[in-house]
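This is what each chain is made of:
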Amino acid sequence: MSPLQHTGPSTFYTELAELPLPVSANFVAGDVVRVTYAVRDHERNIKRSVTKTFPLIPDHETTYATSHDSSEIKSFATSPSKSRQAILREVANGSSTKRFVEVWTGTQIEASLDVTKYHDVFLTDDFLSSLSFSPSETSLIYTAEANVNTEDDTDDPYPKFRYAPHFGEPSRTKKRPTLFLFRWTKSSKSTRVSKQDMSLFALSTSQATQTPVLFGQATFATEDLIFAAGHEHTKDGRLLGVKGCFNRPMGIWELRLPESGSLDGTPLGAKISCNSSKLTPPERSCRSPRILFDDSRTPIKLFWLSNPVGGAHASCVSLESRDLTTASNKILVDTVMEPTTDNDFPGLYTEYNIPSSPFLHHEGRVYIVLQSLWRSRTTVLFIDTESGTITDETKPRFGEPMYSWNVLATDDKTRFICSRSTPTTPSDVSLGYFDQYDNLSWTVLDKPLLSEEAERALDDLTASIIPIGARPPTETLVIQSKKASARPGPKPVCVTIPHGGPHATSTTAFSPATVALALEGYTLSLPNYTGSMGFGEKYIRKLLGHCGTMDVHDIVESVNELIRLGISEPDRQVIQGGSHGGFLAAHLIGQYPDLFNAAVMRNPVISAGELTGSDIPDWIYTEFGLDFSPEALMTPAAYRKLFEASPIAHVDRVRAPVLLLLGEDDLRVVPTQGMRFYHALKGREKSVDMLTFPKETHPLEGVEAARVSWEAGRDWFKAFAEERQ
């Protein structure tokens, strides 16, 4: 019988995982904010979307109206005047799907076009999504998957089957992103535009490029000028996986539309050619164009995020700008190699995109507002659009909660919306504004409801950040029960949870799965080892070529430090990690077989030399100190080096029982990695079990898969945490 036995559901996990998570916000009118939340529904096994609308009435108690968003709405945008809304809608129609582009004025439809036959699905992810009004609010630009180029009057079968690379995990179906231009002409005869007064065009470039360029993230500057991000194929015909990777060949492009008159009579859905030019150099990976307009709605500056092409999959971000009057580019915020005693700013470590509406006006200056990693937390930064001067507006003060912040939107004037949370308090939604004394002030608009039992349980948890003095700048976030830690007898079992990446960060943001594990009575340690983001570019580059040693030693020292401090004790240690965190867990139980009593791994890297089928093949080479190029091959010498740096090299020394959790559709760390470890352990008569999840990808983030994975980890630790094998 398997040692993995289900001990039942956790009411804490279910309640915390179903808390609404703020994901976006819009100022839909002068004093009205629309906030969208993601909600997990375990009863129906689906993810849902809920919207709350908050009227911002000074000196009045905050009120709101709630609407349950239709799953039909794939994207939503508000026009510059705040008088119109654009909706991309997909409607189930039997076994097929119909798609519509809609423009609303208040509660009335101004224009609606069925675009089903002109393209495939709308693309609304962080990497490709576009939904932008022109200044006149008579045109929209959006991104959709183009139909396969087959001619109805030919018997040629090849276009249907011709290979086209995709964007990787989890975007296997995204291969042909295309910008579509929707235009409508209003009439005095009706409030709703007729079909003959609407047009739809697929944009293409008139200039040939050395490699194919696929556009997304488009935004209008003027009626005929669009800025967009262009994703480029590699020389060997790949699209390298983009999720979690800031180093892909891509740039900022200028697209100039043909004169409107020249398009008269063009059929709906037809391709039109744009004059195009790339504005950024080939050695920089550039994304997320944002336009600053003056008071007359004239575009004056363009901003974007930039990283080096190649190298670490994520690194310190640069913020760059272009003066649209002089056509000159400059670096506004550059890479920071290492913080100093005089300036502890570690550099920019943003999300993939700048917030969609990032500009804030204060005391005659214009700022970009965004959140950035600063060691083990995210903080709100104001960046002066002229000088690049940075101020940390949510710097933690002694005795205050360890908030991590997420900037959702500004009103392009003086107010902005954020969400914030701590390791032990779920996300609230707060309005930032300047009071009568020009001090930044906050009003909480919304906070989640918790049961009394959950509130009491969370109140018993405490969180702290512990520096690992022997391995600077390594530090670990510790979450523990006040009562259990003070109780006589053995210390609670400590679960070490190294993050993936490796260039990522465990922050002080609330994590339902993490907190639910702490509420089971465990002490948790989430180490940010060398290579983590938010500590300076020097430490990201320092890990390259040393994966499996430097990061492993950092984690060992974090375990030892907590033992020295009396937070945990020997022989009461377990480990859990996913992706690169699973790689580290597998390494640790092999290199240090007496350190951990049990291990749980989600989609771990086990044998790097056999990972060439990943959507990010460059990761294998770069992270382990090998050169990557389109001509790179897995030679015997390269394989030998990667084998020696992989957990599989230490499999004979493993003693801890291992639970593997694998997504069957994982494109990043293909499931054969975990399966190889399972069979290697099984063949050596080690204690091992494995769960595989159909249709799940790398994160195992489906509602059921996430819950079952959490319960399995809990039950594995219940079985083995307190006994040495």
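These figures come from a predicted structure and were not determined experimentally. (Residues numbered from 1 in each chain as written. Predicted model: local features only at pLDDT ≥ 70, side-chain atom pairs only at ≥ 80, totals over all residues. Heavy atoms only, no water.)

Would you mind showing me how to read the sheet that holds strand β21 (residues 359-362) here?
Each strand in a sheet pairs with another by means of backbone hydrogen bonds, the pair being arranged parallel or else antiparallel. Strand order in the open sheet formed by 4 strands is β21-β22-β23-β24, and the pairing between neighbours is antiparallel. Of all strands in the sheet, those with a lone pairing partner are β21 and β24 (390-392), marking the two edges. Each strand axis lies, on average, 40 degrees off the axis of its neighbour in the sheet, ignoring direction. Summarising the sheet, strand β22 (residues 365-374) and strand β23 (residues 377-384) pair through 8 bridges and their orientation is antiparallel. Bridged to W374 within β23 is R377. (Pairing = 2+ DSSP bridges. Helix = DSSP H or I, 4+ residues; strand = E, 2+ residues; numbered from the N terminus. Axes fitted to C-alpha atoms, helices over the stretch in contact; angles between N-to-C directions.)

I'm lost on the side chain of R183 in this one. Help?
With respect to the helices and strands, the residue R183 is situated in strand β11 (residues 177-184). For the buried residue R183, which engages in no salt bridge, the nearest side chain bearing the opposite charge is E223, 5.9 Å off. A polar side-chain atom of R183 sits 3.3 Å from a polar atom in the side chain of S139. With near-sequence residues (within four places) excluded, R183 lies in contact with T138, S139, D197, M198, S199, F201, E223, L257, S260 and L263. (Buried < 20%, exposed > 50% of the residue type's maximum accessible area, 1.4 Å probe, protein only. Lys, Arg positive; Asp, Glu negative; His and termini not counted. Salt bridge = Lys/Arg side-chain N within 4 Å of Asp/Glu carboxyl O. Polar contact = N/O pair within 3.5 Å; in protein donor to acceptor, adjacent residues only side chain to side chain. Contact = heavy atoms within 4.5 Å.)

Just checking my understanding: could you explain the packing of aromatic side chains for this structure?
The description of two aromatic rings rests on the distance between their centres and on the angle between their planes. Overall, the coordinates contain 21 aromatic pairs when judged by the stated rule. Relative to F416, the ring of F382 has its centre 5.7 Å away and its plane inclined at 75 degrees; by these criteria the two rings are edge-to-face. Here F382 is found in strand β23, whereas its partner F416 is found in strand β26 (residues 416-422), with 34 residues between them in sequence. By relative accessible area, F382 is classed as buried at 3%. With a relative accessible area of 0%, F416 lands in the buried category. In this structure an aromatic cluster arises from ring pairing among Y367, F382, Y403, W405, F416, F434 and W442. (Phe/Tyr/Trp six-rings, centres within 6.5 Å; stacked < 30°, edge-to-face > 60°.)

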